[in-house]
Amino acid sequence: MAYQQALSQGFTSCDECHRLVQVADVAKVTKLNKGQCQRCPCCHSVVRVRKPKSLSRTWAWLLTGLILLIPANMLPVMEVLYLGSGSPDTIMSGVLHLVEEGMYPIALVVFIASVFVPVVKLVGLMVLLVVVQWKLPISARQCTYLYRMIEFIGRWSMLDLFMISILVTLVDLGSIASITAGAGATAFASVVVATMFAAKTFDPRLIWDLRASIYE
Amino acid sequence: MKASIYNTTTDTEHWAACHDCDLLLPIHDITESQVARCPRCNAVLYRHKKNSISKTLAFSLSALLFYIPANTLPILTLDIYGNTGRNTMLNGVYRLWEQGFWWMAFLVAVCSILMPLFELVLLLTISISIKRQRYTPVLPFTIKLQHLTSSWAMLEVYLLGIIVAIVKMSDLGNLVLGQALVCYLVLLAFTLCALQSYDRHYAWQATEFLRDKSQRNVNYEK
């Protein structure tokens with residue numbers, strides 16, 4: 001069966017309502033100025049053939065995430081003050097505490113959500129970007145599956161942030177015991193946001209554009 | 001496939017392009033509980049949902065009833081030596097703000113409180129206006145906004161946060177699960193049901209139909 005890219009036939013789908021739109025003028029769809037752009041007949045949103053400046057924007061968010069990942073893991077995410085003496089906890093030491101206390105399933109959940117997922121997202125997106133930029137002959141279907149997984153798992157990293165916001169209110173006993181958030185948590189939250197934006201700005205159709213000639 | 005098939009302008013209604021791999025595909029009518037998938041990259045193109053709008057209306061309305069108690073009543077209460085710490089969804093944000101972590105407070109507020117509320121209100125307004133068969137210029141705007149909020153509403157992740165907090169704190173003192181936990185779970189369940197029954201594809205089709213109808217009526221009255 002012959003597969004055809006919609007773009008090669010002069011069509012594209014609207015990002016918002018997924019309606020097929022005939023591209024009137026390629027110059028109009030690639031312009032960044034919204035006033036001169038073609039609009040979807042159904043939902044009136046701006047029609048783009050591909051997400052604008054997808055690669056450079058994804059690289060920018062990705063590098064932001066990578067840089068922020070260092071303070072996120074080095075600085076304490078929260079500090080437990082018990083009778084005046086404090087013990088700062090980084091993400092990894094929090095997981096290790098859970099392991100020491102024998103709570104393996106929860107330790108695994110926290111490890112996956114706050115250590116594994118951000119790293120997998122960053123590495124996965126980097127692989128996708130390299131594949132598109134260097135035109136590597138890797139299965140486009142596998143790459144699309146990877147992209148979908150990255151898009152799906154991103155939100156679960158927020159777990160750490162929500163957990164801190166709960167703990168901060170639960171343990172609030174003045175001088176006896178209290179938990180305060182740490183600077184690492186701010187960095188970690190920014191990593192999650194940066195990787196979510198990185199996944200949003202990446203356009204998986206770019207992977208298939210490279211291979212259009214193979215399938216025809 | 002020949003290129004000439006696509007050349008007429010009316011064809012855009014019977015063809016679609018996969019949003020993940022840009023494959024040009026003919027649209028087939030699918031019946032109940034069927035899913036249209038892209039043959040090349042397996043992306044879900046369209047899912048047939050029965051009574052989509054009525055279900056969304058019912059679920060989002062019932063979820064909204066539980067929104068205020070779930071946010072203001074204590075979800076967890078921790079008792080250490082007679083001192084109690086209470087957690088509600090709102091005071092978690094407030095405490096973070098108080099401690100000077102405004103960026104975290106902002107993110108927690110947006111992802112666990114504001115966006116879930118916006119999402120429910122938008123789903124409700126969309127389903128009401130489609131149910132009433134009346135076109136308002138706000139309708140396309142609300143559908144677009146709902147699409148935007150859906151990736152930032154993380155109510156289900158908050159549940160995982162609660163579970164981890166329970167496990168971590170259970171041996172520190174006397175941990176009591178509050179009434180709001182039940183409200184929160186019901187809110188979460190109804191929100192997920194509303195999202196599951198909501199059909200954005202159908203909402204756009206209905207919007208286009210209603211707009212055409214309202215424009216025809218205007219011409220007729222003239």
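The rules behind these values
Residues numbered from 1 in each chain as written. Chains lettered and ligands numbered in written order. Predicted model: local features only at pLDDT ≥ 70, side-chain atom pairs only at ≥ 80, totals over all residues. Helix = DSSP H or I, 4+ residues; strand = E, 2+ residues; numbered from the N terminus. Rg over C-alpha atoms; globule rule 2.2 N^0.38 Å. Buried ≥ 20, exposed ≤ 12 C-beta atoms within 10 Å, placed from the backbone. Contact = placed C-beta atoms within 7 Å. Core = buried A, V, L, I, M, F, W, Y, C linked by C-beta atoms within 7 Å. Axes fitted to C-alpha atoms, helices over the stretch in contact; angles between N-to-C directions. Left-handed = near helix turned anticlockwise from the far one by under 90°. Nonpolar A, V, L, I, M, F, W, Y, C, P; charged D, E, K, R; others polar. Domains from an automatic or database assignment. Pairing = 2+ DSSP bridges. pLDDT = per-residue confidence, 0-100.

Caption draft 1: Focus on the overall build of chain B. Regarding its fold elements, chain B presents eight helices and seven strands. A compact globule built from 222 residues should have a C-alpha radius of gyration of about 17 Å, whereas chain B, at 23 Å, is more than 25% larger. Across the 222 residues in chain B, those meeting the buried criterion constitute 37%.

Caption draft 2: Here's a closer look at the overall build of chain A. Helix and strand content of chain A: eight helices and five strands. Along chain A, from the amino end to the carboxyl end, the secondary structure elements read β-β-α-α-β-β-α-α-α-α-β-α-α. Viewed in the frame of its principal axes, chain A has a C-alpha envelope of about 70 × 40 × 25 Å. Here chain A, with 216 residues, has 44% of them falling under the buried criterion. Contacts in chain A between residues far apart in sequence, at least 24 positions, make up 64% of those at least 6 positions apart.

Caption draft 3: Up close: the interface of chain B and chain A. Of the residues lining the interface, 52 residues belong to chain B; the matching set on chain A comes to 52 residues. Where the side of chain B that touches chain A is concerned, the elements lending two or more residues are strand 1 (15-17), strand 5 (76-80), strand 6 (83-87), helix 3 (89-98), helix 4 (102-131), helix 5 (138-150), helix 6 (155-169) and helix 8 (200-221) of chain B. Of the residues forming the side of chain B that touches chain A, the biggest block, nine residues, is contributed by helix 6 of chain B.

Caption draft 4: Expanded view of unusual backbone geometry. Residue and element names in this part refer to chain B. Its identity as a non-glycine residue notwithstanding, Asp22 has a phi of 65°, on the positive side. Residue placement: Asp22 occurs in the loop between strand 1 and strand 2 (24-26). On the basis of neighbour counts, which here come to 29 C-beta atoms within 10 Å, the residue Asp22 falls in the buried class. In this structure, Asn51 takes a positive phi of about 50° despite not being glycine. Residue position: Asn51 is located in the loop between strand 4 (44-47) and helix 1 (52-65). Overall, the presence of 11 C-beta atoms within 10 Å leaves Asn51 in the exposed class.

Caption draft 5: Fine view of the nonpolar core. Grouped together as the largest cluster of nonpolar side chains are 120 residues, with contacts concentrated most on Leu167 and Ala185 of chain A together with Met104 of chain B. Not counting the four nearest positions on each side in its chain, Met104 of chain B is found in contact with Leu161, Ala181, Ala185, Thr186 and Ala189 of chain A together with Leu96 of chain B.

Caption draft 6: Main features of the packing of helix 4 (residues 104-134) of chain A against helix 7 (residues 183-201) of chain A. Residues and elements named next belong to chain A. Viewed as axis vectors pointing N to C, helix 4 and helix 7 meet at an angle of 35°, and their least axial separation amounts to 10 Å. Here helix 4 runs over helix 7; the crossing is left-handed. Listed contacts from helix 7 to Pro118, Lys121, Leu122 and Leu125 of helix 4 are Val191, Val192, Thr195, Ala198 and Ala199. Partitioning the contact of helix 4 with helix 7 into residue classes produces seven nonpolar, one polar and one charged.

Caption draft 7: Looking closely at the domain arrangement of chain A. Each domain of chain A was delimited in the assignment, giving domain 1 (1-49) and domain 2 (53-215). Between the C-alpha centres of domain 1 of chain A and domain 2 of chain A the distance comes to 33 Å.

Caption draft 8: The arrangement of the environment of His18 of chain A in detail. Relative to the elements of secondary structure, His18 of chain A occurs in the loop between strand 1 (11-13) and strand 2 (20-22). Given 19 C-beta atoms within 10 Å, His18 of chain A falls into the partly exposed group. For the pair His18 of chain A and Cys43 of chain A, spaced 25 residues apart in sequence, the C-alpha to C-alpha distance is 9.7 Å. Excluding its chain neighbours within four sequence positions, the residues that come into contact with His18 of chain A are Ser13 of chain A together with Ala16, His19 and His201 of chain B.

Caption draft 9: Geometry of the sheet that holds strand 5 (residues 177-181) of chain A. Residues and elements named next belong to chain A. Strand order in the open sheet formed by three strands is 4-3-5, and the pairing between neighbours is antiparallel. At either margin of the open sheet sits one strand with a lone partner, and together these are strand 4 (85-89) and strand 5. Direction aside, neighbouring strands of the sheet carry axes that sit 20° apart on average. As paired elements, strand 3 (residues 78-82) and strand 4 share five bridges and run antiparallel to each other. Pairing of Met78 across the sheet is with Asp89, part of strand 4.

Caption draft 10: Region of the structure containing the sheet that holds strand 7 (residues 174-177) of chain B. Residues and elements named next belong to chain B. The antiparallel open sheet is built from three strands, whose spatial order is 6-5-7. Both edges of this open sheet fall to strand 6 and strand 7, since each of them pairs with a single strand only. The sheet shows a mean angle of 20° between the axes of neighbouring strands, taken without regard to direction.

Caption draft 11: Up close: the environment of Met74 of chain A. Of note, Met74 of chain A is situated in helix 2 (residues 54-74). A C-alpha to C-alpha distance of 28 Å links Met74 of chain A and Phe202 of chain A, two positions 128 residues apart in sequence.

Caption draft 12: Broad picture of the confidence of the model for chain B. All names here are of chain B. Residue-level pLDDT values for chain B average 85, and 94% of them are 70 or greater. Contacts of residues 1-10 to residues separated by more than four positions or lying in other chains number eight contacts, the stretch itself having pLDDT below 50. Across the assembled chains, the prediction reports ipTM 0.85 with pTM 0.87.

Caption draft 13: Layout of the domain arrangement of chain B. Segmentation of chain B into domains returns domain 1 (1-48) and domain 2 (51-221). Distance from the C-alpha centre of domain 1 of chain B to the C-alpha centre of domain 2 of chain B: 32 Å.

Caption draft 14: Broad picture of the confidence of the model for chain A. Of the residues in chain A, 91% have a pLDDT of 70 or more, and the chain-wide mean is 84. In the model of chain A, helix 1 (residues 26-30) of chain A stands out as the element of lowest mean pLDDT, 62, in contrast to helix 2 of chain A, which has the highest, 93.

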